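Coordinate analysis (summary)
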Amino acid sequence: MLKTISAILLSFIVLSALSGCNTVRGFGEDIRHVGSAIERGAS
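A short tour of the structure in this document, coming up. Keep in mind that this is a model prediction, so the values were computed, not measured. (Residues numbered from 1 in each chain as written. Predicted model: local features only at pLDDT ≥ 70, side-chain atom pairs only at ≥ 80, totals over all residues. Heavy atoms only, no water.)

**Quick notes on the overall build of the protein**
Condition: By definition, any uninterrupted DSSP run of H or I lasting at least four residues is a helix, any uninterrupted run of E lasting at least two residues is a strand, and each is numbered from the N terminus. Think of it in three bands: residues with accessible area under 20% of the maximum for their type are buried, residues over 50% are exposed, and the middle band is partly exposed, with areas taken using a 1.4 Å probe on protein chains only. Using a 1.4 Å probe, accessible areas were evaluated by the Shrake-Rupley method; residue-level cover was limited to the displayed protein chains.
Scanning the protein for helices and strands turns up two helices and zero strands. Counting over 43 residues, the protein shows a buried share of 7%. For the protein, the accessible surface area stands at approximately 3900 Å², while carbon and sulfur atoms represent 67% of it.

**Some remarks on a nonpolar patch on the surface**
Just so we agree on the cut-off: Patch membership requires over 30% relative accessible area and the absence of a salt bridge. Like charges are linked within 9 Å, and nonpolar side chains (Val, Leu, Ile, Met, Phe, Trp, Tyr) within 5 Å. We define a salt bridge as a contact between a side-chain nitrogen of Lys or Arg and a carboxyl oxygen of Asp or Glu at a distance within 4 Å.
Among the surface-exposed residues, L10, V14, L15, L18, F27 and I31 lie close enough to one another that they form a single nonpolar patch of about 540 Å² accessible area. Locating L18 in the fold gives a position in helix α1 (residues 2–20).

See the structure below:
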């Protein structure tokens, strides 16, 4: 169950990042923000 929820959440984050950026640079910035959010949540 936890794996399913994690997969759905990860898919949502990736799709949100892809739909929110228009350039490769924007995609890199989106990934950086997602990584920062994950680090804040893990610590």
